[in-house]
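Survey of secondary and tertiary structure
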Amino acid sequence: MTNRRILRLSGTDTFDFLQGLVTNDVAKLQHGAVYAAMLTPQGKYLADFFLIPDGDDVLLDVADTLGDMLVQRLSMYKLRASVTIEPTDLHVHRGLGDLPDDGFEDPRCPALGWRAYRNAAQTEDDVDWNALRVAHLVPEAAIELTPDTFILEAGFERLNGVDFRKGCYVGQEVTARMKHKTELRKGLALVDVEGAAPIGTELIANGKAAGTLFTQSGGKGIAYLRFDRAKDVMSAGPAQVVRSEMAASPSN
C-alpha cells in the first residue's frame, strides 16, 4: 500500500504518552495490533491509525494524507516526554488467509485479514478492499471519517477502536457521555443502493435531508444517516437507497 505512512515512536515514555492521547488502551499492544484514534478536546475525529508493537518501540500506521497533521499534533503534546517520533521506510502489506510470521490480524474485523510491515512495497494485491470495507461497514479516513465525525457514530466501539475503561485521553469526556448518557440518533449504516451516486451525495427522504451516501460496492453502500428519517426509500441523486436491515425485514 502506498497511501499509508508508517511512523516509529520510541523512548521510555512512549507507552504512557500514547495512553494519555489515544482512544484505545495501549496495554493491548502486548497481544497484537491496536486500532485507535486521536480526537480534538471536543471529542471530534482527528485521525485513526493502527499501533503496532515493535520491541520497545511502537509503529504507527496512518493514512498518508493525515501524516503531517498527526506528527504536528503529537509533537505539540510531547512537551518534555522522552518520546521520539520518526518517519520510516516501511510499507504496509495486506492479505487474507493464513497469518504470516511477521503479520498482525486487523483488529477492526477478522474479515479484513492481516497487515504486515516490510521494507519492500507490496507488488501484488488483487483483493477488493473497498468491497470488504462496505460489506463490514468499516469507515475510511477522508471519506466516511471527517473532522465532523464523532467516533461512536462511526462504529468505533464495534471496530474495537475505543476502550471505556482505560481512563482519560483527549476527547474522552465527550465520548463517554455519548456512550452512557445519550442514544445515538445519527451514525454510519449499511444501505442497499440501486444505481450509483458520487461519494458525498446527500440523501433525501420524504423531501427532507436524511444523511449522506459514501463508498459503494456491489449494490451496497456506507451511509451516514439520521435514523429518524431513514425509515423509507431515500434518493441520492439518481440512485435509490434503503437501509439494509429494513430491506431485509418482511414488514418493509
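Cut-offs used in this document
- Residues numbered from 1 in each chain as written.
- Predicted model: local features only at pLDDT ≥ 70, side-chain atom pairs only at ≥ 80, totals over all residues.
- Heavy atoms only, no water.
- pLDDT = per-residue confidence, 0-100.
- Contact = heavy atoms within 4.5 Å.
- Helix = DSSP H or I, 4+ residues; strand = E, 2+ residues; numbered from the N terminus.
- Buried < 20%, exposed > 50% of the residue type's maximum accessible area, 1.4 Å probe, protein only.
- Polar contact = N/O pair within 3.5 Å; in protein donor to acceptor, adjacent residues only side chain to side chain.
- Expected span 1.5 Å × (residues − 1).
- Bend = angle between axes of the 7 residues up to and from the residue.
- Pairing = 2+ DSSP bridges.
- Axes fitted to C-alpha atoms, helices over the stretch in contact; angles between N-to-C directions.
- Phe/Tyr/Trp six-rings, centres within 6.5 Å; stacked < 30°, edge-to-face > 60°.
- Lys NZ or Arg CZ within 6 Å of the ring centre and 35° of its normal.

Notes on the confidence of the model for the protein
Atomic detail in the predicted coordinates should be set aside for any region of low pLDDT. For the protein, per-residue confidence averages 95 on the pLDDT scale, and residues scoring 70 or more make up 97% of the total. This model gives residues 248–252 a pLDDT under 50, and the stretch forms two contacts once residues within four places in sequence are excluded.

As for the side chain of Asp61
Summarising the element assignment, Asp61 is placed in strand β4 (residues 57–63). The exposure class of Asp61 is buried, given its relative accessible area of 0%. A polar atom in the side chain of Asp61 sits 2.9 Å from the side chain of Arg115. Among the polar contacts made by the side chain of Asp61, one reaches the side chain of Tyr117 at a distance of 2.6 Å. Ignoring anything within four residues of it in the chain, the contact list for Asp61 reads Arg4, Arg5, Ile6, Phe49, Phe50, Val92, Arg115 and Tyr117.

Side note on helix α2 (residues 64–78)
Here α2 contains 15 residues, and its C-alpha end-to-end distance of 21 Å stays within 8% of the 21 Å for a straight helix at 1.5 Å per residue. Along α2, the helix axis deviates most sharply at Leu70, where the bend reaches about 25°. Restricting attention to buried positions, one finds in α2 the residues Leu66, Gly67, Leu70 and Leu74. Buried residues along α2 sit against β1 (4–10), α1 (14–19), β2 (34–39), β3 (45–54), β4 and β5 (84–87). At the exit of α2 stands Leu79, carrying a positive phi of roughly 50°.

A closer look at the sheet that holds β5
Strand order in the open sheet formed by five strands is β2-β3-β4-β1-β5, with antiparallel pairing between adjacent strands. With one partner strand each, in any of the chains shown, β2 and β5 form the two edges of the open sheet. Recorded for the sheet is a direction-independent mean angle of 30° between the axes of neighbouring strands. Here β1 pairs with β5 via four bridges, running antiparallel. Residue pairing in the sheet places Ser10 in a bridge with Thr84 of β5. Contacts from α2 reach β1, β2, β3, β4 and β5 within the one sheet, and its direction differs from that of β4 by about 135°.

Some thoughts on the sheet that holds strand β6 (residues 91–95)
Taken in spatial order, the three strands make up an open sheet running β6-β8-β7, and their pairing is antiparallel. Edge strands, defined here as strands with exactly one partner in the open sheet, are β6 and β7 (103–105). Looking at each pair of strands side by side, their axes are set apart by 30° on average, direction ignored.

Some remarks on the packing of aromatic side chains
The full count for this structure, using the stated rule, is two aromatic pairs. A centroid spacing of 5.1 Å and a plane angle of 25° characterise the contact between Tyr35 and Phe156, whose relative ring orientation is stacked. In this pair, Tyr35 sits in strand β2 while Phe156 sits in the loop between α3 (129–135) and α4 (172–181), placing the two residues 121 residues apart along the sequence. Phe156 gets classed as buried once you look at its relative accessible area, which sits at 0%. The rings of Tyr35, Phe50 and Phe156 are connected pair by pair, giving a single aromatic cluster. Just above the ring of Trp129 sits the side chain of Arg94; from NZ or CZ to the centre is 3.8 Å. For the cation-ring pair, Arg108 lies above Tyr35, with the distance from its terminal atom to the ring centre recorded as 5.7 Å.

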